[in-house]
Amino acid sequence: IRESNKTKEVKCSFGVSPCARWAPNETCTSFERGAEGGMSNDCNNYYAYSDLFADTRKWALEEWIDYIVPQCYTNLDKGYADIVSWWSKTLKGSNTKLYIGQGIYRVSREGNWSNSDEIPNQLLYNQTVENVMGTVFFTFKTFLESNEALDETKVKLKKMWTKEVPDEE
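Residues numbered from 1 in each chain as written. Predicted model: local features only at pLDDT ≥ 70, side-chain atom pairs only at ≥ 80, totals over all residues. Heavy atoms only, no water.

Asker: Even after reading the chapter, I still don't get the layout of surface pockets, so can you show me in this structure?
Answerer: If a probe the size of a water molecule is rolled over the atoms, the empty space left behind becomes visible. Counted as a void, the largest pocket has a volume near 170 Å³. Taken together, ten residues make up the lining of the largest pocket; nearest its centre are D66, Y67, N95, T96 and K97. Of the residues that constitute the lining of the largest pocket, the class distribution is three nonpolar, three polar and four charged. (1 Å grid on protein atoms, 1.4 Å probe; cavity = no way out; pocket = protein on both sides within 12 Å on 5 of 7 lines; lining within 4 Å. Points joined across faces, edges and corners; volume = space filled by probe spheres on them. Nonpolar A, V, L, I, M, F, W, Y, C, P; charged D, E, K, R; others polar.)

Structure (structure tokens):
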């Protein structure tokens, strides 16, 4: 595929959307979960490398994939910023594109995602981080659903992405 992409107009990109956290750093010695270059998060999180035996960091750094979309389905103040920042720093200088997976499906009046500013604030944060090429929402069907917090979020997103067309004079 890579060779045909160089010679044809049609492009094919290959990527993955792993769980957001790659591996804890080497200070995490419980059950040999820690890895050099890992994230400075709690040892008890769910990790692609330690739990799924998927070395997504290597795939991205070796450029075996064209893009990666870590599933950052957590609150901005509960690790989201750390995850996005870690992936950005990790992929600096790599040709692997970094898109961030947004958990819009979590927005509702129940639970901890009742703040209709959560997703817009995450997107604003993404704009401050080097190497973030865009966002991918999970799941599209959520945009067809309705609840008070989600409806407010969709209005805010539309305002973020829509510009008024100036009147012609």
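Back to the text.
Asker: For this particular structure, what's the right way to read the packing of aromatic side chains?
Answerer: Note on aromatic pairs: each is described by the distance of the centres and the angle between the planes. Under the counting rule described, the total for this entry stands at ten aromatic pairs. A centroid spacing of 4.9 Å and a plane angle of 85° characterise the contact between W86 and W87, whose relative ring orientation is edge-to-face. Across the pair, exposure class does not vary: W86 and W87 are buried alike. Considering the side-chain rings of F140 and F143, the 6.3 Å spacing of their centres and the 35° angle between planes classify their relative orientation as tilted. The exposed category is assigned to F140, whose relative accessible area is 60%. (Phe/Tyr/Trp six-rings, centres within 6.5 Å; stacked < 30°, edge-to-face > 60°. Buried < 20%, exposed > 50% of the residue type's maximum accessible area, 1.4 Å probe, protein only.)

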